[in-house]
Amino acid sequence: MHYKVLKMKRLVILGAGTGGTIMANHLKKELDDKKWGITIVDGRKQHYYQPGFLFIPFDQYKPEDVVKPIQQFIPEGVDFVNISVDKINAAQHQVVLANGNTLLYDILIIATGSEIAPDETEGMQGDEWGKSVFTFYDFEGAIALRDKLKNWQGGKLVVHITEMPIKCPVAPLEFAFLADSFFKDKGMRDKVEITYVTPLSGAFTKPKTTETLNYLLKEKNIHIKTDFAIESVDNDNKQILDYGGKSVPFDLLVTVPTNKGSQVIENSGLGDELNFVPTDKATLQSKVHPDIFVLGDATNVPTSKAGSVVHFEAEILTENILTYIKGQKLEEEFDGHANCFIETGGGKALLIDFNYDHEPVTGTFPIAGIGPLRLLKESRFNHYGKLAFKWVYWNMLLKARPIPFVKARMSIAGKDYN
Amino acid sequence: MDKIISGKNISLTDEGFLKDFAQWDKDIADALAAENQIVLTPRHWEVLTYIQNEFKNDVPLSIRKIGKSGIVDIKEFYQLFPVAPLKTATKIAGVPKPVSCI
Ligand SMILES: Cc1cc2nc3c(=O)[nH]c(=O)nc-3n(C[C@H](O)[C@H](O)[C@H](O)COP(=O)(O)OP(=O)(O)OC[C@H]3O[C@@H](n4cnc5c(N)ncnc54)[C@H](O)[C@@H]3O)c2cc1C
């Protein structure tokens, strides 16, 4: 007679934000729970709908619209450990928690996202921080900026990106567009000069989108300063200074600070110089440790850091993890698919759809020739799409329910490539 | 798009980056530098060589990365390549445009 010792295998997910939560929902359905135990770890009690941070400063969303209890989205049967992670000991296949406890894993998924690091720029958190220097890239920052904008009398508004990459790279542009509308509605647009300052050589990195955006910037009388690599914030003279000797004065600076991966990545020696994890861009497997997979903002793959990307990655990663468990070669390939709404103010929005190889172009989405959404063109319908995304996020995306017509791999049908 | 640079026919992208690193040589670097009002000094060459090595090892480049390279700090990188330094330096080095910006 032989007995087989049935040892449960362990899959551990770090981070219960967008990506970690979606993966927990996918894998709970796909993995045999007699063989696999799933644990998800996050130090927070709240789950933030980060795209909503954009609307808080203009009082279009209330803070309570964008935050829900983190545990609400974690499926039954998945263990939730509500403690921060200190370190990953990849050689020992082990995660060390802030309370000193350890978790062993057979498979680890890193979904620890990215966070702002204003301390990377000299003077950013100086005397003017919270007075005339703000960011909307975290929850508290967005609320503080809302309070500032309520009574601001006008002057030079500078909307600024510190360095790339940042999550949702179009969000600062959207902020500039929405600010234009906001001050128009308040009847004080003539008192506000808006300047958009970017380290890139144009409004966006992809030529066709830049063309469209430049047109909109002009139409809305928003000035643009490109190739500006900030060295420091000069609090005394209220200006930002660049390594090349340029300066831009401000009365109100709305900046997107450097974005970095989580500290735990640095502690574990798993990241690059910004704590992003070197990841195979097609399979989402760690380039160093085969039993570690990475998705979302935590990776270094060359596509946008966005919720839509995380959603597409999660479908492919689920397939890959099942393949990995079977001991087969990973075949599912992520193409870098990203899909972003760009709010342009006045109740309109643009929609862009692109991947590693194809830049955003005009056309229809998600159904070729029909739409109803229009790519790279301003429309009211796109704006409703952006607002509807909040509902989709809380009710479908996090729970890993399929979103009709929208596929993980980008479709080139219905698009005007020439 | 093709262009004659220092007597050789070179294929370039729309933005002026070499399509094929194999076509690069030091004369081309000098010519591309001159187009950007830069005269290459030994300091420039240290940076260009670093960039080429990182490219060969498949390491994505960024301004921050060059600042941490131990070869130049960001300030000096700007002195060497005053306008859009990462773009200019990678162009002269003959490697593709960095994708750090998406
Ligand atoms: C202002 C703004 C606007 C945006 N707009 C859009 C948009 O319009 N469309 C779009 O698609 N995307 C948008 N995004 C981007 C989108 O929100 C992110 O890309 C997405 O949430 C990334 O998911 P993630 O799972 O990688 O990281 P996150 O959702 O950020 O989750 C990371 C989780 O890891 C946890 N964590 C980190 N470190 C540790 C640790 N050491 N121990 C334990 N837990 C840890 C955190 O607490 C967090 O819960 C926007 C982002 C911002 C900031």
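The next thing to look at is the overall build of chain B. Within chain B, the regular secondary structure consists of five helices and two strands. Since a compact globule built from 102 residues should have a radius of gyration of about 13 Å, the 13 Å found for chain B is in line with a globular shape. The principal-axis extents of the C-alpha atoms in chain B amount to approximately 35 × 30 × 20 Å. The buried share among the 102 residues of chain B stands at 47%.

Residue and element names in this part refer to chain B. The buried count for helix α5 (residues 85–93) comes to eight of nine residues, which makes it a mostly enclosed element. Turning to α5, its buried residues are Pro 85, Leu 86, Thr 88, Ala 89, Thr 90, Lys 91, Ile 92 and Ala 93. As for α5, its buried residues are in contact with α1 (26–35), α2 (42–56), α3 (63–67) and α4 (74–80). Phi for Gly 94, located one or two positions after α5, is positive at around 80 degrees.

Here the focus is the packing of helix α1 (residues 18–30) of chain A against helix α6 (residues 307–325) of chain A. Residues and elements named next belong to chain A. The N-to-C vectors of α1 and α6 enclose an angle of 40 degrees; their axes lie 10 Å apart at closest approach. One finds that α1 runs oblique with respect to α6. In this structure, α1 crosses over α6, and the sense of that crossing is right-handed. Mapping the contact onto sequence places Thr 18, Gly 19, Ile 22, Met 23, His 26, Leu 27 and Glu 30 in α1 and Val 310, His 311, Ala 314, Glu 315, Leu 317, Thr 318, Ile 321 and Leu 322 in α6.

All names here are of chain A. Neighbouring the ligand are 30 residues, the closest being Thr 18, Gly 19, Asp 42, Val 85 and Gly 307. One of the side-chain N or O atoms of Asp 42 is found 2.6 Å from an oxygen atom in the ligand. At 2.8 Å from an oxygen atom of the ligand is found a main-chain nitrogen or oxygen belonging to Gly 307. Relative to its unbound accessible surface of 1,000 Å², the ligand loses 94% to contact with the protein. Those elements that place two or more of their residues in the shell around the ligand are α1 and α6. When residues of the shell around the ligand are assigned to their parent elements, the largest contribution, three residues, is made by α6. Across the shell around the ligand, the residue classes tally to eleven nonpolar, 13 polar and six charged.

Our next topic: the nonpolar core. Counting residues in each nonpolar core, the largest one holds 105 residues, and the members touching the most others are Leu11(A) and Leu157(A). Residues contacting Leu11(A), with those up to four places away along its chain left out, are Leu27(A), Leu31(A), Trp36(A), Gly37(A), Ile38(A), Thr39(A), Ile107(A), Ile109(A) and Ile321(A).

Before going further, it helps to examine the interface of chain A and chain B. Between chain A and chain B, the contact holds 22 residues from the first and 15 residues from the second. Interface of chain A and chain B: buried area, both sides summed, is about 1,600 Å²; carbon and sulfur atoms make up 55% of it. Of all residues in chain A, Thr205(A), Tyr243(A) and Glu273(A) bury the most surface against chain B, accounting for 37% of the area lost on that side. At the junction of chain A and chain B, the tally comes to four salt bridges. When the shortest N-O distance is used, the salt bridge between Arg64(B) and Glu163(A) registers 2.6 Å. Counting across the interface, chain A meets chain B through six residue pairs in polar contact (both at pLDDT 80 or more). Split by residue class, the side of chain A that touches chain B holds nine nonpolar, seven polar and six charged.

Turning our attention to the domain arrangement of chain A. A common measure of how large an interface is: the accessible area buried when the components associate. Residues and elements named next belong to chain A. Annotation of chain A at the domain level lists domain 1 (9–115 + 260–325), domain 2 (117–258) and domain 3 (338–397). On a C-alpha basis, the centroid separation for the pair domain 2 and domain 3 is 24 Å. The partner domain 3 presents 16 residues to the 15 residues of domain 2 that form the contact. For the pair domain 2 and domain 3, the two sides together bury roughly 1,300 Å², of which 65% comes from carbon and sulfur. Taken as a group, Glu 174, Lys 206 and Lys 208 account for 33% of the area that domain 2 buries against domain 3, more than any other trio of residues on that side. Across the domain 2-domain 3 interface, the total number found is two salt bridges. Among the ionic pairs, Glu 359 bridges to Lys 208, the shortest N-O distance being 3.8 Å. If you look at where domain 2 meets domain 3, you find five residue pairs in polar contact (both at pLDDT 80 or more). For the side of domain 2 that touches domain 3, the secondary structure elements donating two or more residues are α3 (171–185) and α4 (207–219). In terms of residue count, the dominant contributor to the side of domain 2 that touches domain 3 is α4 (seven residues). Each residue belonging to the side of domain 2 that touches domain 3 can be placed in one class, and the counts come to seven nonpolar, three polar and five charged.

This brings us to the pattern of salt bridges. Between side chains of opposite charge, a pair can form when the charged atoms approach closely. One pass over the full model with this rule turns up 21 salt bridges over all chains. Across the pair Asp59(A) and Lys62(A) runs a salt bridge, and its minimum N-O distance is 3.1 Å. Ionic pairing is found between Glu273(A) and Lys65(B), a salt bridge with its closest N-O pair at 3.1 Å. Here Glu273(A) is found in the loop between α5 (263–267) and β20 (292–294), whereas its partner Lys65(B) is found in helix α3 on a different chain. As far as the burial class goes, Glu273(A) and Lys65(B) line up, both buried. When salt bridges that share partners are traced, they join Glu120(A), Glu163(A), Lys260(A) and Arg64(B) into one network.

Right, let's talk about the sheet that holds strand β5 (residues 79–81) of chain A for a bit. All names here are of chain A. Taken together, five strands build an open sheet; the order of strands is β5-β2-β1-β9-β20 and the sheet is parallel. Across the chains shown, the open sheet's two edge strands, defined by having one partner strand only, are β5 and β20. Averaged over all adjacent pairs, the angle separating strand axes in this sheet is 20 degrees, with direction ignored. In this structure, strand β1 (residues 9–14) lies alongside strand β2 (residues 36–41), joined through six bridges in parallel fashion. Paired with Val 12 across the strands is Thr 39, a residue of β2. Here α6 sits on the sheet and contacts β1, β2, β9 (107–110) and β20; the angle it forms with β9, its principal contact strand, is near 165 degrees.

The subject of this paragraph is the sheet that holds strand β15 (residues 230–234) of chain A. Residue and element names in this part refer to chain A. The strand order across the open sheet built from three strands is β15-β16-β17, with neighbouring strands paired in antiparallel fashion. With one partner strand each, in any of the chains shown, β15 and β17 (247–249) form the two edges of the open sheet. Each neighbouring strand pair of the sheet contributes to a mean axis angle of 15 degrees, computed without reference to strand direction. As judged from the four bridges shared by β15 and strand β16 (residues 239–242), these two strands associate in the antiparallel manner. What sits directly across from Ile 230, in β16, is Asp 242.

Criteria and thresholds
- The residue numbering used here restarts from 1 in each chain and proceeds along that chain's sequence as written.
- Both sets of labels track the order of writing: A upward for chains, 1 upward for ligands.
- Predicted model: local features are reported for residues with pLDDT of at least 70 only, side-chain atom pairs are reported and counted for 80 or more only, and whole-chain, interface and lining totals are derived from all residues.
- As a rule here, side-chain values cover all heavy atoms of the structure and leave hydrogens and water aside.
- Helix and strand labels come from DSSP, where a helix needs a run of H or I of at least four residues and a strand needs a run of E of at least two; each type is numbered from the N terminus.
- Radius of gyration here uses only the C-alpha atoms, and the compact-globule reference equals 2.2 Å multiplied by the residue count raised to the power 0.38.
- Only protein chains enter the accessibility calculation, which uses a 1.4 Å probe; a residue is then buried when its area is under 20% of its type maximum, exposed when over 50%, and partly exposed in between.
- Contacts are assigned to residue pairs with any non-hydrogen atoms lying within 4.5 Å of each other.
- Geometry is summarised by axes, namely lines fitted to C-alpha atoms with helices restricted to the contacting stretch, and by angles between N-to-C directions that run from 0 to 180 degrees.
- Note on terminology: angles under 35 degrees are roughly parallel, angles over 145 are roughly antiparallel, angles of 65 to 115 are roughly perpendicular, and the others are oblique.
- For a crossing to be left-handed, the near helix must be turned anticlockwise from the far one by less than a right angle; the clockwise case is right-handed.
- Residues are labelled near a given molecule or strand when at least one of their non-hydrogen atoms is within 4 Å of it.
- Residues adjacent in sequence count toward polar contacts only when both atoms are side-chain atoms; beyond that, a polar contact is any pair of N or O atoms within 3.5 Å, and within protein one must be able to donate a hydrogen and the other to accept it.
- Computed with the Shrake-Rupley method and a 1.4 Å probe, the accessible areas treat only the protein chains shown as cover for residues.
- Amino acids are sorted into nonpolar (Ala, Val, Leu, Ile, Met, Phe, Trp, Tyr, Cys and Pro), charged (Asp, Glu, Lys and Arg) and polar (every other residue, Gly among them).
- Nine residue types can take part in a nonpolar core, namely buried Ala, Val, Leu, Ile, Met, Phe, Trp, Tyr and Cys, and a core is a set of them joined through side-chain atoms within 4.5 Å.
- Reported buried area values correspond to the accessible surface (1.4 Å probe) lost by two parts on association, with both partners' losses combined.
- Note on definitions: salt bridges are taken to be side-chain nitrogens of Lys or Arg within 4 Å of carboxyl oxygens of Asp or Glu.
- Domain delimitation in this document rests on an assignment produced automatically or drawn from a domain database.
- In this description, strands pair whenever DSSP reports at least two bridges between them.

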